Amino acid sequence: MEDSSSFFYSTKRRMEGHTDMGLIGENFDTGLMGRMRDNDEYESRSGSDNFDGASGDDQDAGDDQPKRKKRYHRHTPHQIQELESFFKECPHPDEKQRLDLSKRLGLENKQVKFWFQNRRTQMKTQLERHENIMLRQENEKLRAQNSMIKEALSNPTCSNCGSPAIPGQISFEDHQVRIENARLRDELTRIVTLTNKFLGKPISSLSSPMALQASNSGLELGIGMKGIGGSSTVGTPLPMGLDLGDGVLGTPPALPGIRSPMGLLGSDAQLERSMFVDLALAAMEELLKMAQADTPLWIKSLDGEKEVLNHEEYARLFSPKPAGYATEATRETGVVIINSLALVETLMDANRWAEMFPSIIARAAPLDIITNGMGGTRNGALLLMHSEVQLLSPLVPVRQVRFLRFCKQHAEGVWAVVDASVEIGQDAANAQFMTYRRLPSGCLVQELPNGYSKVTWVEHWQYDENAVHQLYRPLLNSGIAFSAHRWIATLQRQCECLAILMSSSISSDDHTALSQAGRRSMLKLAQRMTSNFCSGVCASSARKWESLPIGTLGDDMRMMTRKNVDDPGEPPGIVLSAATSVWMPVSRQRLFDFLRNERLRSEWDILSNGGPMQEMVHIAKGQGHGNCVSLLRASAVNANDSSMLILQETWTDASCSVVVYAPVDVQSLNVVMSGGDSAYVALLPSGFAILPDGQSCGFGMPNNTCNGTVPKGGCNGGAGDEGSGSLLTVGFQILVNNIPTAKLTMESVDTVNNLISCTIQKIKGALRVA
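To keep things clear, this report deals only with the structure shown in the data block.

Criteria and thresholds
Residues numbered from 1 in each chain as written. Predicted model: local features only at pLDDT ≥ 70, side-chain atom pairs only at ≥ 80, totals over all residues. Heavy atoms only, no water. Buried < 20%, exposed > 50% of the residue type's maximum accessible area, 1.4 Å probe, protein only. Helix = DSSP H or I, 4+ residues; strand = E, 2+ residues; numbered from the N terminus. Pairing = 2+ DSSP bridges. Expected span 1.5 Å × (residues − 1). Arc of directions from axis to C-beta. Core = buried A, V, L, I, M, F, W, Y, C linked by side-chain atoms within 4.5 Å. Contact = heavy atoms within 4.5 Å. Phe/Tyr/Trp six-rings, centres within 6.5 Å; stacked < 30°, edge-to-face > 60°. Lys NZ or Arg CZ within 6 Å of the ring centre and 35° of its normal. Axes fitted to C-alpha atoms, helices over the stretch in contact; angles between N-to-C directions. Parallel < 35°, antiparallel > 145°, perpendicular 65-115°, else oblique. Left-handed = near helix turned anticlockwise from the far one by under 90°. Nonpolar A, V, L, I, M, F, W, Y, C, P; charged D, E, K, R; others polar.

**Quick notes on the pairing of strand β17 (residues 628–633)**
Counting buried positions over the 6 residues of β17 gives 5, a clear majority of the element. Across 6 bridges, strand β16 (residues 614–620) lies against β17 in antiparallel orientation. The partner of glutamate 615 across the bridge, within β17, is leucine 632. Two elements, β17 and strand β18 (residues 644–652), share 5 bridges in a ladder whose sense is antiparallel. Bridge pairing in β18 places leucine 632 opposite isoleucine 646.

Structure representation (structure tokens):
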């Protein structure tokens, strides 16, 4: 492993290239990582000419400086041919590719950079010119058709005999056409106003109401007789650059599993989408105010270490909190190893978003695409999504949220992505029936040099405190559980992991010399293992678990079962999942170091066969030794035990620590380590999740049990202090019967319950705590 300075240097250099590796899974496009945005920075001469001399800033200098004569450089035919050939493959070369081209063609790096900028500008101009010609031709056709229609209406004839009709005796169909045209004209004017506000900039071709009335043929016929998004005989895009059939307030394309959000049709669906647009705009405005650096919405806490929402100021600017609701509002800023475009694409894709935040997002799915954005970017994109947000404990309910996600570019390299629960836009009287709701939350992303981004995250929840177990109320009240701090910490850890996987110079510490394909397969297997563990602990809908209401168990124990018949990633039969959470009077770091130590595993794990385990493979996922995927071998009791290994993933960040493991047979692992498909490896994960307790005194006692005999200053409650307490979640998944049609017995339930209780007691005994 390289030292930290050389690691980050090599990481940043490699992130400027183009790779097809995903974020452990298949959905994260790392080609966007580190791409420096130099598109449209300069608008200069044609693609075949360039000049040496002043840059754009020099050309804008004051008038008192003498102007230098530009020295033009004309490229040779060979240079132009090579540049054109490279442009067809990659119109946005990175720094390394530009250096290679400059050396090969005998040009300066600045000349190559300017040539590509000029060529992109030239290509864009040509495309716009071609589109304008096509639009002009189509407009002339529509004008001619409109003139014919007007002439026919001004000189009506009898459809039976062909003679002139009596004035006023116009057919019923003509009346309907006129009424429909008037309605469409009013609807179009309203849409243009909304679109201008939605995209944040004026649309010149539609900004004048007089122009709409004077030239009503092109746009009205483009919309069609069925309203916005209806069928149209015009195949070219509208002059404002948006196809309303796939854009603002338009009908989304036919995608599998995507339907109208409320099941509405026609004008009702359009009205609902108009409400969604208004809600998204209001949410974006609120996010920007909440993310602003100097704002009275945030005040310092009494200890001066964190920010607290000013509820009075928030109620004055936005809306008061519903009665009986607790508030969890946090803001956090951090720097991550990912560029702004890559992060925006990740957030706007449900699968990539869930993979980036696996411990927070249990499940995510798109429900409707209101608009995909404009100009081939995510600027103006508005999606309706559903997600399940979890905290790794069976005592905290999974929060299912249906929300709008709106993305907007506010400046070059500055993006904002905001979420707003759809329920917020409904009748406020229904708030009393909601257990929780997510107020406008999201992040502001600012591009930094070398592929980094500065992210300011705002997270705002309101929830019914009665729905949360007493053990976890201090954690939620402290603003740690579903906080912006947790989102930023997870994002930093995942991006660091991705950077390590992309860096070929950083090798793993294993003794098997895994190939890159083998490492990817191992990491995908570990990702699935951890995801299944989380679903068994939190009871999300990602897996089809059935709850077991057993009266003999306490309210802090959750038992679930599922029958597996055809899932190759799990043994066939009846699987029982059990999970519970307890408070531990030790720090989170101490508990995490103990549980991940393979030499001390025999003190609590029955799979260790009573002896220390040996780490056979180590794949780093972060700079810290605790963020890794490893293979452990237990001491063999007999010859048969030698065929079983333990796959383990451990990670820790500023918000949570996790240790997940599962026994795997050697034959299946050999296929995975050689780069084979990991989907057919059967896993039953078990493990631990460690969270800060949110409220501890310096002696590791909960504040509500502290007797007050503490040093001056009282209970400091620092989650990272050596003496603070932590919340330990223990989860086991066990195959109780390999026949799916068998019946689950109480003996199996008692066995799993005793296993968890015994494991917790062994951990407490090893750590010498009561």
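Next comes the rest of the description.
**Focus: unusual backbone geometry**
Unusually for a residue other than glycine, alanine 539 sits at a positive phi of about 60°. Structurally, alanine 539 is set in the loop between α15 (516–538) and β13 (546–547). Since its relative accessible area comes to 32%, alanine 539 is described here as partly exposed. Of note, arginine 768 is a non-glycine position whose phi angle comes to about 60°, a positive value.

**Examining helix α18 (residues 746–767)**
Counted at 1.5 Å a residue, the expected span for α18 with its 22 residues is 32 Å, and the 32 Å between its end C-alpha atoms agrees. Those residues of α18 that sit buried are Ser748, Val749, Val752, Asn753, Leu755, Ile756, Thr759, Ile760, Ile763, Lys764 and Leu767. Projected onto a plane normal to the axis of α18, the buried residues spread over an arc of 160° and lie on a single side. Exposed side chains of α18 directed beyond 90 degrees from the buried face belong to Glu747 and Gln761.

**Some points on the nonpolar core**
Ranked by size, the top nonpolar core spans 82 residues in total, and within it Trp353, Phe357, Ile361, Leu391, Trp457, Tyr472 and Met522 carry the most contacts. In terms of residue count, α15 provides more of this core than any other element does, 9 residues in total. Dropping the residues within four chain positions of it, tryptophan 457 is found in contact with Thr330, Arg331, Glu332, Leu347, Phe357, Gly442, Cys443, Ala484, Trp487 and Ile488. Trp604, Ile646, Leu755 and Ile760 belong to the second largest nonpolar core, which has 33 residues in total.

**Focus on the packing of aromatic side chains**
One pass over the full model with this rule turns up 13 aromatic pairs. Each ring, one from phenylalanine 87 and one from phenylalanine 116, has its centre 6.2 Å from the other, and the planes form 35°; the classification is tilted. One end of the pair, phenylalanine 87, is in helix α3 (residues 77–89); the other, phenylalanine 116, is in helix α5 (residues 109–154), and 29 residues separate them in sequence. In this structure phenylalanine 87 comes out as buried when scored by relative accessible area, which is 8%. Look at tryptophan 604 and phenylalanine 688: their rings are 5.0 Å apart centre to centre, the planes differ by 85°, and that puts the pair in the edge-to-face class. Placement of tryptophan 604 in the loop between α16 (588–596) and β16 and of phenylalanine 688 in strand β20 (residues 686–692) is noted, with a sequence separation of 84 residues between them. Its relative accessible area of 1% is what places phenylalanine 688 among the buried residues. An aromatic cluster is defined as three or more aromatic residues linked by ring pairs; in this entry it consists of Trp353, Phe357, Phe403, Trp457 and Trp487. Looking at arginine 405, its charged tip hangs above the ring of tryptophan 353, at a distance of 4.0 Å from the centre.

**Let's talk about the packing of α3 against helix α4 (residues 95–105)**
It is at 11 Å that the axes of α3 and α4 come closest, and there the two elements cross at 155°. Our classification of the angle between α3 and α4 gives roughly antiparallel. Of the two elements, α3 crosses α4, and the hand of that crossing is right-handed. Within the contact between the two elements, α3 uses His78, Gln79, Glu82, Leu83 and Phe86 and α4 uses Gln97, Leu101, Arg104 and Leu105. Tallied by class, residues from the contact of α3 with α4 come to 4 nonpolar, 3 polar and 2 charged.

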